[in-house]
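Geometric and topological summary
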Amino acid sequence: METFTNTESQLSENTTKKSTSMIEQENPAFYQALDFANEAILIYNKNQENIYQNRQAQTFIESHQGLSSGKVLPQLLNDFGFQQESVTPSQNVTEYFSSSYGLKARIMQSAEQTIVYISIPHVLAPQEIINTIISPDFNPILNQSNDILCITTESGNILKINRAASVSWGYTIDEFQHKNLLSFLTESSLNIIKKTFDSLVHGQTIQNVVLDVRKKDGTIFPMIWNAVWNPNRQTVIAIAKDFSESLVKEKALKLSEQNYSYLFNNNPLPMWINDFYTKEFLEVNDATLRQYGYSREELLSMTVYDIIAPEHLENYKNASWDFNTDPPNYRGISLHQTKSGIPLTVDITAHQIEYKNRTVSLVLVHDITQRKLAEKELIQTNNRLKAAQEIAHLAYWEHDLRTGKIFWSEEVFKIFEITENREKFDYENFIGMVHPEDRMSIKLLEVSVLYGSKPIEKEFRIVLASGKTKYLFSKTQVIFDTLGNALRVDSTFLDITLQKQAKQALRKSNERFELAKKATRDIIWDWDILTGDSYWSDNYEFIFGKYPYGPMKDFQDWSKNIYSEDKERVLDEIQLALANPEQSTWESEYRYIRANGEIAHVSDKGYMVFDTHGKPIRMVGAMRDITKEKQEEQQLNLWKSVITNSNDAILITEAEPVEQPGPRIIYANEAFTKMTGYELHEIVGKSPRILQGPASSRYELNKIRAALKKWEPCEIEIINYRKNSEPFWVSISIVPLADETGWYTHWISIQKDITERKKNEAERELLIRELTQINQDLRQFSYITSHNIRSPLSNLLGLLKMLNTSTITDPMTLTVLEGFKTSTNQLNDTINDLLKILVIKENVNVQQELIDFETVWIRITQMTQQLIQEAGTSITTNFVKAPSVNFNISYLESILLNLLSNALKYRSNKRPLEIVVKTRNTSKGIELTFTDNGLGIDLKRHKNKVFGLYQRFHNHPDSKGIGLYMVQAQIKSLGGNISVKSEVDKGTQFSILFKK
């Protein structure tokens, strides 16, 4: 009986002196046999250069395109991250392990060559057959294989067999002597394969046939067999692979698939399966499609690298898996992006498993983007939430409706914080931990889902033994068999306590934020620097109005409202702030255009938010309308300028004390110091009483004191004293000043030197007294004169009436008498007119009553009817707008009669006389206009004489020059006024304004 053994010198001679192609040509059967091995096998010469790779090694290397081809052994070990684990010196074997790829390798080393075996779990037996015999030159390689390799005679008698058969079946090498390979098969397997085995010599092959083998201890286990006939050596070459473990795993996998199929397909969180090495997607659930926006076909043509954010790709590639667990797993935070480019922050949980003959990653993705955003928002608004939160895990429980048994996943106990007696945890315990208010709905959940057609999603609370309450989100459905019978109830749930707490905290924070917005007059804004989008608080439109383009949306909407003269400066300031890594804030004052076009003054301040690289990505700030403050500031500056530059003396004192020693002076302008002779430093801190002296009126000073006590303004005129003791008259106006709360804080006094005015007033008073006395003397003289002249004049008029001129024949005497008579009558008329004027001037209590214009006018026209008709006069009146006036009826008749008489007397011979009389009501009083088209008056020559006494403007025989004087005297005596407009040969218009 032979085993596959040989000397190291033979191996060295055959592998180092010949090229790979020569070896393969001389030993094709051997290399084809190596291609059937589960392991990747590589052979290196003494220079550690690769001279051979079997098919599994080639496939393995090619699947890792980013790595070296493995041509040099150190490069291979480095690329795959192999670390030495153990050494067996007697066999020159060293074992290595790669934690990055989960690979194990054995290296058998001699002076001339190195053989590397890399275990690849997912590689199955190839579908090719062995068609040549095995060369004995490579027995050491075959003896290292985990597969059973055997050479038999045509009938099945064993000629050679490797060590794997001894290890697997339990026999020693010697016990295989003189044994027939078929004798190790069970009777049923022998019946299956005997006929085919006998036909191997005729060219038939055995390919991947599962046959049961009976071990030495009597146990039976399945193996996968491949066999061919080698006509050159007249032998059968057979390879068997242990299939029992695969069957157990397959059964377990089927059971696992049944349990996890629901978890995968119906999980509310994204899950997928990707190739562990190439990262290509193999399976994706619906939640993945919803979250990432791709179709299933699109994702299955992509790799995981395609959904990783570019800036996070290196981190993902360098992620460290834990290969010390079974199965190996990975847990971490990653940055993904959707089809539309939306970034997602995700919590990744991945396990390395075998799936459809491939090593894959089973990945569960928990989108924590909103949670992260919520955390950031909370930090920005009140800094009260912690920066990170625990991630909720998926829990699963299954209720078998046939047996009544319930299966709880490990995560259930973690969520419910159950550490002891887990085996006793049952449905009643579960219901008992549900919050009392939610308990009934959970009890009815199974009934509801049994009679429903869709899974039921629900949120509920549980109360832990510690008294703590948690919030859970569940999804429950019924699994039916092919006949529609309910088999079990499956339910998954997530611990959403942290999300609930975050939402509640966010809601409270938002409520506080909204209240803060209402309590302040600042406009809160938030600018996304990367996208340009912006948020503005509701009071923006209240303060600046509604713009025609709608609400503020982005940076451009804001910037286009900056006043043109300030815009470039403000935008430059922002860019400088963003570009300065040492600067975290920006603030400015500028003018801003309201929706109605008005210009407002604003104060603006922003705080920058940076990404992990220190780049500003966001700015949050507050804008305040300071227009009123600016106006007040301008007003204050104006007042400062007025006070400083005023010609009037201005003094400011404290508000108290009113009594001794009096309020202290805190400011005086330059005019005050010039007026009093005191310098500012000489009076600050002292009372204004230093200006008072012997001639200061106690009465006026008491008025000031009384006003100060009542916090009322006060004005006085008093004698004060300059620094040199010179007295001077001063007018003082004192006003109290209050702060925003209404509390009086200061007195301001405006003072003017009125010494000259007082002197002038005294002189004017003396002059008035003298004029009054002269006027009285003149009036007395006029009375006396008129009385003394009236008496002899009456005698003359009486004698003239008694004189009979018919007896006088002398013409000269008659002419003299006629002239004397005319002069006497004229003197009488003059005396009468003067008396009328004196009556008007003296009569201050003229009776007034409501008079109808129309009635008075009719009476006047009746008195002059004949003259009106003789002149062919056209008269138009309109008293509708002001039909009546409060006036003296005699005066009104006299006024209208004078105006009408003048119009008739001074009419033009070139045209018929037209007179228009109308009234109207004005804000100053009732206006009457009297217009004619007569001769007119040359106002350029006579403007100041129109209403003078004895002023004549036309050579008319009846003209006295007293009528208009009388009209004006009568109107003004009752508070009215009269004006005239006139052009020669066009006419005249008199406007009379009656006092209301």
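See the structure printed just above.
Residues numbered from 1 in each chain as written. Predicted model: local features only at pLDDT ≥ 70, side-chain atom pairs only at ≥ 80, totals over all residues. Heavy atoms only, no water.

1. Some details on the overall build of the protein
Using the following cut-off: Strands are runs of DSSP state E lasting at least 2 residues, helices are runs of H or I lasting at least 4, and numbering of each runs from the N terminus. For each residue, the accessible area found with a 1.4 Å probe, counting protein chains only, is set against the maximum for its type, and the residue is called buried under 20%, exposed over 50%, and partly exposed in between. Here a residue-residue contact requires only that any non-hydrogen atoms of the pair lie within 4.5 Å. Each accessible area is a Shrake-Rupley result for a 1.4 Å probe, and residues are judged covered by the shown protein chains and nothing else.
Broken down by element type, the protein carries 32 helices and 39 strands. Residues classed as buried in the protein amount to 42% of the 996 residues present. Partitioning the intrachain contacts of the protein with sequence separation of at least 6 by distance along the chain shows that 52% fall at a separation of at least 24. Total accessible area on the protein stands at roughly 55500 Å², and carbon and sulfur atoms take up 51% of it.

2. Describing the sheet that holds strand 30 (residues 714–721)
So the rule is basically this: Strands qualify as paired when DSSP identifies two bridges or more between them. For helices, the fitted line uses only the C-alpha atoms of the stretch in contact; every axis is such a line through C-alpha atoms, and the angle between N-to-C directions lies from 0 to 180 degrees.
Strand order across the open sheet formed by five strands is 29-28-32-31-30, with antiparallel pairing between neighbours. Edge strands, defined here as strands with exactly one partner in the open sheet, are strand 29 (665–668) and strand 30. Ignoring which end each strand starts from, the neighbouring axes of this sheet average 30 degrees apart. As judged from the eight bridges shared by strand 30 and strand 31 (residues 727–738), these two strands associate in the antiparallel manner. Note that in strand 31 the partner of Glu717 across the bridge is Ser731. On top of the sheet, helix 25 (residues 698–709) reaches strand 30, strand 31 and strand 32 (744–753); it is set at about 135 degrees to strand 30, its chief contact.

3. Some points on the sheet that holds strand 4 (residues 82–88)
By way of backbone hydrogen bonds, the strands of a sheet pair with one another, either parallel or antiparallel. Read across the open sheet, the six strands follow the order 3-2-7-6-5-4; overall the sheet is antiparallel. Each edge of the sheet is formed by a strand with only one pairing partner; in this case those strands are strand 3 (50–53) and strand 4. Strand-to-strand twist across the sheet, computed as the mean angle between neighbouring axes with direction ignored, equals 20 degrees. Note that strand 6 (residues 103–109) and strand 7 (residues 113–119) share six bridges and pair antiparallel. Each bridged residue has a counterpart across the sheet, and for Ile107 the counterpart in strand 7 is Val116.

4. Comments concerning the nonpolar core
The cut-off we apply is this: By convention a nonpolar core is built from buried Ala, Val, Leu, Ile, Met, Phe, Trp, Tyr and Cys residues, the set being connected through side-chain atoms within 4.5 Å.
By size, the foremost hydrophobic cluster in this structure holds 41 residues, and its most contacted members are Phe82, Ile118, Trp272, Phe281, Tyr292, Leu299 and Ile307. With four residues, the single largest contributor to this core is strand 16 (residues 343–355). Filtering out sequence-adjacent residues up to four positions away, Leu299 remains in contact with Phe281, Val284, Thr288, Leu289, Tyr294 and Ile307. In terms of nonpolar packing, the next biggest core, distinct from the first, is built from 39 residues, Phe879, Ile895, Ile937 and Phe994 among them.

5. Considerations on helix 32 (residues 963–973)
In terms of burial, helix 32 is largely enclosed, as nine of its eleven residues are buried. When helix 32 is considered as a whole, its buried residues turn out to be Gly963, Leu964, Tyr965, Met966, Val967, Gln968, Ala969, Gln970 and Ile971. Following helix 32 by one or two positions, Gly975 adopts a phi angle in the positive range, close to 85 degrees.

6. Observations regarding the packing of aromatic side chains
For clarity, the cut-off: A pair of Phe, Tyr and Trp rings is counted when the ring centres sit within 6.5 Å of each other, with Trp represented by its six-membered ring. The angle between the planes then sorts it: under 30 degrees is stacked, over 60 is edge-to-face, the rest tilted.
Tallied over the entire structure, the rule returns 44 aromatic pairs. With a centroid separation of 5.1 Å and 75 degrees between ring planes, the pair formed by Tyr171 and Phe184 is classed as edge-to-face. In this pair, Tyr171 is assigned in the loop between helix 7 (163–169) and helix 8 (187–198) and Phe184 in the loop between helix 7 and helix 8, connecting sequence segments 13 residues apart. Judged by relative accessible area, which is 17%, Tyr171 ranks as buried. Aromatic side chains Trp711 and Tyr744 sit 5.2 Å apart centroid to centroid with 5 degrees between the ring planes, which places their arrangement in the stacked category. In this pair, Trp711 is assigned in the loop between helix 25 and strand 30 and Tyr744 in strand 32, connecting sequence segments 33 residues apart.

7. Quick notes on the packing of helix 28 (residues 853–863) against helix 30 (residues 889–905)
Heads up, the condition is: Oblique is the label for every angle not falling under 35 degrees (roughly parallel), over 145 degrees (roughly antiparallel), or within 65 to 115 degrees (roughly perpendicular). With the far helix as reference, a near helix turned anticlockwise by less than a right angle produces a left-handed crossing, and one turned clockwise produces a right-handed crossing. In this classification, the charged set is Asp, Glu, Lys and Arg, the nonpolar set is Ala, Val, Leu, Ile, Met, Phe, Trp, Tyr, Cys and Pro, and all remaining amino acids, among them Gly, are polar.
Closest axis-to-axis distance for the helix 28/helix 30 pair is 10 Å, and the angle between their directions is 50 degrees. Here helix 28 lies oblique to helix 30, going by the angle between them. For the pair helix 28 and helix 30, the crossing hand works out as right-handed. Side by side, helix 28 and helix 30 meet where Phe853, Val856, Trp857, Arg859, Ile860, Thr861 and Met863 of the first sit next to Ile889, Leu892, Glu893, Leu896, Leu897 and Leu900 of the second. Residue composition of the contact of helix 28 with helix 30, grouped by class: ten nonpolar, one polar and two charged.

8. A few points about the side chain of Lys470
Going by this rule: Pairing of N or O atoms within 3.5 Å defines a polar contact, subject to two protein rules: one partner must be a possible hydrogen donor and the other a possible acceptor, and residues neighboring in sequence count only if both atoms are side-chain atoms.
Locating Lys470 in the fold gives a position in strand 21 (residues 469–480). Here Ile415 takes part through its backbone oxygen, which lies 2.8 Å from a polar atom of the side chain of Lys470. At 3.4 Å, the side chain of Lys470 forms a polar contact with the side chain of Glu417. The residues touching Lys470, leaving out its near neighbours within four places in the chain, are Lys414, Ile415, Glu417, Phe460, Arg461, Ile462, Leu464, Asp495 and Thr497.

9. Here's the deal with the pattern of salt bridges
If charged atoms from side chains of opposite charge come close, those side chains can pair. As a reminder of what qualifies: Here, a salt bridge means any Lys or Arg side-chain nitrogen found within 4 Å of an Asp or Glu carboxyl oxygen.
All told, the structure shown has 46 salt bridges when counted by the stated rule. A salt bridge links Arg358 to Glu280, with the nearest nitrogen and oxygen atoms 2.9 Å apart. Residue Arg358 is located in strand 17 (residues 358–367), and its partner Glu280 is located in the loop between strand 13 (271–275) and strand 14 (281–284); the two are separated by 78 residues in the primary sequence. The exposure class of Arg358 is partly exposed, given its relative accessible area of 27%.

10. Remarks on a nonpolar patch on the surface
Here is the rule: For patch building, the residue pool is restricted to those with more than 30% relative accessible area and no salt bridge; the joining distance is 9 Å between like charges and 5 Å between nonpolar side chains (Val, Leu, Ile, Met, Phe, Trp, Tyr).
Residues Leu401, Val447, Leu450 and Tyr451 make up a contiguous nonpolar surface patch of roughly 400 Å² in combined accessible area. Tracing the backbone shows Val447 in helix 17 (residues 445–450). Overall, Val447 belongs to the partly exposed group, its relative accessible area being 44%.

11. Some points on the packing of helix 30 against helix 32
As a packed pair, helix 30 and helix 32 sit with axes 10 Å apart at the nearest point and diverge in direction by 150 degrees. It follows that helix 30 is roughly antiparallel to helix 32 by the angle criterion. Here the hand of the crossing between helix 30 and helix 32 comes out left-handed. Contact with helix 30, carried on its side by Tyr891, Ser894, Ile895, Asn898, Leu899 and Asn902, involves Gly963, Leu964, Val967, Gln970, Ile971 and Ser973 of helix 32 and no other residues of that element. In terms of residue class, the contact of helix 30 with helix 32 is made up of six nonpolar, six polar and no charged.

12. Some points on the side chain of Asn933
Within the secondary structure, Asn933 is located in the loop between strand 37 (925–932) and helix 31 (939–942). For Asn933, a relative accessible area of 14% gives the class buried. Engagement of the side chain of Asn933 in a polar contact is seen with the backbone oxygen of Pro912, the distance being 3.1 Å. In this view, Asn933 contacts Ser908, Arg911, Pro912, Leu913, Glu914, Lys986 and Gly987; residues no more than four positions away in its chain are not counted.

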